[in-house]
Amino acid sequence: METLDIRIGMGTDVHAFATDRDLILGGVMIDHDMGLAGHSDADVLIHAVCDAILGAAGMGDIGDLFPDTDPKYKNIDSRILLATCARNLAQAGYRIMNLDCTVFAQVPKLGHKKQEMAASMAETLEISPGCVNVKATTTEHLGFIGRKQGIAAQAIVLIAAQTNPNIRET
Ligand SMILES: Nc1ccn([C@@H]2O[C@H](COP(=O)(O)O)[C@@H](O)[C@H]2O)c(=O)n1
Ligand SMILES: C[C@@]1(CO)OP(=O)(O)OP(=O)(O)OC[C@H]1O
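Residues numbered from 1 in each chain as written. Chains lettered and ligands numbered in written order. Predicted model: local features only at pLDDT ≥ 70, side-chain atom pairs only at ≥ 80, totals over all residues.

A. Focus on the packing of helix α3 (residues 78-91) against helix α4 (residues 114-125). Axis separation between α3 and α4 bottoms out at 8 Å; the angle between their running directions is 50 degrees. As judged from the angle between their axes, α3 and α4 are oblique. The handedness of the crossing between α3 and α4 is right-handed. Touching R79, L82, A83 and A86 of α3 are M121, T124 and L125, all from α4. Across the contact of α3 with α4, the residue classes tally to five nonpolar, one polar and one charged. (Axes fitted to C-alpha atoms, helices over the stretch in contact; angles between N-to-C directions. Helix = DSSP H or I, 4+ residues; strand = E, 2+ residues; numbered from the N terminus. Parallel < 35°, antiparallel > 145°, perpendicular 65-115°, else oblique. Left-handed = near helix turned anticlockwise from the far one by under 90°. Contact = placed C-beta atoms within 7 Å. Nonpolar A, V, L, I, M, F, W, Y, C, P; charged D, E, K, R; others polar.)

Below, the structure is given as structure tokens:
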């Protein structure tokens, strides 16, 4: 007889706006006069998703796997980091049931890019686009986001594994 092993994880990330940087969210280039500062491409949305996946699997956080002191991650496309997290998750015997995310940005407007961001992350994770939802909100001009100093993101993911109770865990 099989039992269902399900786990939940959440992730949060924040990056400051910076000049002379592209703005990339969920692996999608967003047209804006500022990008985000970071060691990698600073894709704050993907970083939150990585942390949600790692959290659900009990695998630490993004900085444990990809330290920002390692030159090999300098300006790296965060989809590569996300694909690594997905691979580690699969190797641990889990699959993603659904992923829900929120981007907190006063600017730019993101409504027209939400589907594209969801589809992009679904493609990288090799899951159905229907399993991924991306939302956006301003903070009504309050706080650092409201002052247009940066963008934050949160993600929550549900993962599941089929386990066989006849196999004793050591
Ligand atoms: N950068 C943003 C932020 C929000 N939206 C869309 O606006 C709606 C809600 O915004 P509130 O700040 O009033 O919560 C919602 O439909 C968001 O998708 C946006 O397009 N870009
Ligand atoms: C992704 C990494 C690694 O390049 O760098 P950043 O782009 O600075 O991102 P952050 O979310 O601060 O932390 C994770 C880092 O280790």
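B. Region of the structure containing helix α1 (residues 44-57). Relative to the 20 Å expected for 14 residues at 1.5 Å per residue, α1 spans 20 Å between its end C-alpha atoms, a close match to the ideal helical length. Looking one or two residues beyond α1, the residue adopting positive phi is G58, at roughly 70 degrees. (Expected span 1.5 Å × (residues − 1).)

C. Quick peek at α3. In this model, α3 (14 residues) spans 20 Å end to end at C-alpha, consistent with the 20 Å of a helix rising 1.5 Å per residue. Those residues of α3 that fall on the buried side of the exposure criterion are S78, L81, L82, C85, A86 and L89. Here the buried residues of α3 occupy an arc of 140 degrees about the axis, which is enough to place them on one side. Across α3 from its buried face, at more than 90 degrees, point the exposed residues R87 and Q91. Looking one or two residues beyond α3, the residue adopting positive phi is G93, at roughly 90 degrees. (Buried ≥ 20, exposed ≤ 12 C-beta atoms within 10 Å, placed from the backbone. Arc of directions from axis to C-beta.)

D. How the structure looks around the site of ligand 1. Residues in close proximity to ligand 1 include A105, K109, L110, G111, A136, T137 and T138, which together make up its full environment. Considered class by class, the residues forming the shell around ligand 1 number three nonpolar, three polar and one charged. (Near = placed C-beta within 6 Å.)

E. Geometry of the UniProt feature "site: Transition state stabilizer" (unreviewed entry) in the protein chain. Taking the UniProt record as the reference, the feature "site: Transition state stabilizer" (unreviewed entry) is found at H39 and T138. What stands out for the annotated residues spanning 100 residues is how far apart their C-alpha atoms range, the widest pair being 25.1 Å apart. Counting through the fold element by element, H39 comes out in the loop between β4 (35-36) and α1. By C-beta crowding, H39 is classed as partly exposed, having 16 other C-beta atoms within 10 Å. The contact partners of H39, leaving out residues within four places of it in the chain, are D68, Y73 and K74. Note that T138 resides in the loop between β6 (132-137) and α5 (143-146). For T138, a count of 15 C-beta atoms within 10 Å gives the class partly exposed. Aside from chain neighbours lying at most four places away, what touches T138 is A105 and Q106. (UniProt positions renumbered as here; feature names shortened; annotations may be inferred.)

F. Structural view of the packing of α1 against α3. Between α1 and α3, whose axes approach to 9 Å, the crossing angle comes to 15 degrees. Taken as axis vectors, α1 and α3 run roughly parallel relative to one another. The interaxial crossing formed by α1 with α3 has left-handed handedness. Residues I46, H47, V49, C50, I53, L54 and A57 of α1 pack against S78, R79, L81, L82, C85, A86 and L89 of α3. Looking at side-chain class alone, the contact of α1 with α3 contains eleven nonpolar, two polar and one charged residues.

G. Quick peek at the environment of L158. The residue L158 is located in strand β7 (residues 150-163) in this model. Take L158: there are 16 C-beta atoms within 10 Å of it, and that puts it in the partly exposed class. Measuring from C-alpha to C-alpha, the distance between L158 and M10 comes to 9.1 Å, with 148 residues separating the pair along the chain. Excluding anything up to four places from it in sequence, L158 contacts I6, I8, M97 and N98.

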